[in-house]
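Okay, here's what each chain looks like letter by letter:
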Amino acid sequence: MSVDAAELRHRTAELLAAHPPASTDRLEFLRARFDAGLAWVHYPEGLGGLGAPRSLQVVVDAELEAAGAPDNDPRRIGIGLGMAAPTILKYGTDEQKRRYLRPLWTGEEVWCQLFSEPGAGSDLAALGTRAVREEASGDWVVDGQKVWTSSAHLARWAILIARTDPAVPKHAGITYFLCDMTDPGVEVRPLRQITGEAEFNEVFLTGVRIPDDRRLGGVGDGWRVAQTTLNNERVAIGGMRLPREGGMIAPAARTWRERPELRTHDLHQRLLKLWVEAEVSRLTAERLRQQLVAGQPGPEGAGMKLAFASLNQEISGLEVELRGPEGLLYDDWTMRRPELVDFTGRDAGYRYLRSKGNSIEGGTSEVLLNIVAERVLGLPAEPRTDKDVAWKDLAR
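A quick note: this is a predicted structure, and the numbers were derived from the prediction, not measured.

Here's the deal with helix α1 (residues 5-18)
- Over its 14 residues, α1 extends 20 Å from the first C-alpha to the last, a length consistent with the 20 Å expected when each residue adds 1.5 Å.
- Contacts made by the buried residues of α1 are with α2 (26-35) and α3 (57-66).

Examining the pairing of strand β7 (residues 200-210)
- When you tally the buried positions in β7, you get 8 out of 11 residues, the bulk of the element.
- Where strand β3 (residues 140-146) lies against β7, 6 bridges are found, and the strand directions are antiparallel. Paired with Val-142 across the bridge in β7 is Val-208.

Examining the packing of aromatic side chains
- All chains considered together, the criterion is met by 10 aromatic pairs.
- Considering the side-chain rings of Phe-115 and Tyr-176, the 5.9 Å spacing of their centres and the 85 degrees angle between planes classify their relative orientation as edge-to-face. Pair noted here: Phe-115 is in the loop between β1 (111-114) and β2 (130-133) and Tyr-176 is in strand β5 (residues 174-180), with a separation of 61 residues, a long-range link. Like Phe-115, the residue Tyr-176 is buried in the burial classification.
- Taken together, a centroid distance of 6.3 Å and an interplanar angle of 80 degrees make the contact between Trp-148 and Phe-200 edge-to-face. Of this pair, Trp-148 sits in the loop between β3 and β4 (157-163) while Phe-200 sits in strand β7, and the two are 52 residues apart along the sequence.
- A connected cluster of aromatic rings, assembled from ring pairs, spans Phe-34, Trp-40, Tyr-43 and Trp-105.
- The positively charged end of Arg-189 is found above the aromatic ring belonging to Phe-204, 4.0 Å away from the centroid.

Considering the pattern of salt bridges
- This structure, assessed with the given rule, holds 37 salt bridges.
- When the shortest N-O distance is used, the salt bridge between Glu-134 and Arg-209 registers 2.4 Å. You can see Glu-134 sitting in the loop between β2 and β3 and its partner Arg-209 sitting in strand β7, a full 75 residues away along the chain.
- Assessed through its relative accessible area of 30%, Glu-134 is described here as partly exposed.
- Among the ionic contacts, a cluster of salt bridges with common partners joins Arg-259, Glu-261, Glu-319, Arg-323, Glu-326 and Arg-351.

A look at unusual backbone geometry
- Positive phi outside glycine occurs at Trp-148, with the angle close to 60 degrees.
- Phi is positive for Glu-245, close to 60 degrees, though the residue is something other than glycine.
- Locating Glu-245 in the fold gives a position in the loop between α6 (222-238) and α7 (249-258).

Here's the deal with the packing of α2 against helix α5 (residues 94-106)
- The interhelical angle for the contact between α2 and α5, taken along N-to-C directions, is 135 degrees, at an axis separation of 9 Å. In terms of orientation, α2 and α5 fall into the oblique class. At the point where α2 passes α5, the crossing takes the right-handed sense. Contact with α2, carried on its side by Leu-27, Leu-30, Arg-31, Arg-33, Phe-34 and Asp-35, involves Leu-101, Arg-102, Trp-105 and Thr-106 of α5 and no other residues of that element.

Cut-offs used in this document
- In every chain, residue numbers begin from 1 and rise along the written sequence.
- Only residues with pLDDT of 70 or above have their local features reported here, since the model is predicted, and side-chain atom pairs are shown and tallied only from 80 upward, although totals for entire chains, interfaces and linings are computed over all residues.
- Side-chain numbers here rest on the full set of heavy atoms in the structure, without hydrogens or water.
- The way it works is that DSSP assigns letters per residue, a run of H or I at least four long becomes a helix, a run of E at least two long becomes a strand, and they are numbered from the N terminus.
- Helices are assigned an expected span. That span is 1.5 Å times one less than the residue count.
- Throughout, a contact is declared for two residues whenever any of their heavy atoms are within 4.5 Å.
- With a 1.4 Å probe rolled over the protein chains alone, any residue whose accessible area is under 20% of its type maximum counts as buried; one over 50% counts as exposed, and the rest are partly exposed.
- Pairing between strands is defined by DSSP: at least two bridges between the two strands are required.
- Centres within 6.5 Å are what make two rings of Phe, Tyr or Trp a pair, Trp counting through its six-membered ring; a difference in plane orientation under 30 degrees is then read as stacked, over 60 as edge-to-face, and the rest as tilted.
- By definition here, charges over rings are those cases where NZ of Lys or CZ of Arg is within 6 Å of the ring centre and within 35 degrees of the ring normal.
- We define a salt bridge as a contact between a side-chain nitrogen of Lys or Arg and a carboxyl oxygen of Asp or Glu at a distance within 4 Å.
- Here an axis means a line fitted to C-alpha atoms, over the contact stretch when the element is a helix, while the angle between two N-to-C directions is reported on a 0 to 180 degree scale.
- An angle below 35 degrees is treated as roughly parallel, one above 145 as roughly antiparallel, one from 65 to 115 as roughly perpendicular, and anything else as oblique.
- Crossing chirality is assigned from the near helix's rotation relative to the far helix, an anticlockwise turn below a right angle marking it left-handed and a clockwise turn marking it right-handed.

Structure follows, in structure tokens:
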């Protein structure tokens, strides 16, 4: 059955009538919304969707917002929504989809990403975490270390890539798993950042047993599966929906309007330039989201992530300079382990320091420049001497 906007409004009205937001428990409402196919309408029926065009999600969201319905706190569960869910949808078994997608979307189970390692960040395919299959049980035993893991201190589940065959080239010997963060052998340690917070973590895996039914995709096919995760990650970071003058440019523009004594001609010219660039980036992100209606995200997301990082750093630097001596102040160095990154809820100093990580997280800017050059512009690839060398024979 073809689902159009009118049908979605009708289904949303039925949901609201059966589960009035004012008198329904928040989690109960979210579960009912998922079961009604109104969570992400473009997903298949039975998995939170109705097989409708992705572009019609805004119809449901607008109706629910007008009714005062609760959302699923998407910023807190962004890794699950933006990275784990599309990968599970594409590569998961029917049983995996039924098990993981509903509590992921409702926020009952938080997800994190176990990809980067101390020696495999920009060159992710060089990862050394090992997963060895036990013959008797068929389980995989995982040993290694991951780093820069956002929300690991909150997560129940993790998407994990590990090396299952060291005798083949590095991209070929990787397998993708779903790891239970509560299992024995999983240790999460905080990484205190320049902001004073410990939003990131390092994760040590020692003899962690993962049943084979938590493998996503084929053995040795983990790099291909991971590309779905990484492409979606870049879109989730760089292509987030913002209102006009939203995001990092908002507090800088507000300071300019409210504090005329801080203005100079040079700062005015720089602010105008960055305001225009922020608006161009916002509109480009909107176009990218519309392109997603036709299929999976491609390498174009790398360009949006690049723009996101550089703009945030330039704008936050301008804001600190605009505020003069006030910009050097910092509100709170307390060691905290936050549930989400709040760029606009803190002061200018926090924004300036935290934005330094934007050019590292979600793929370093240097790697993303290569992706844009090779996969978007079609330029020749850089020479890679290790492409056909077995991972075990690589210099480390």
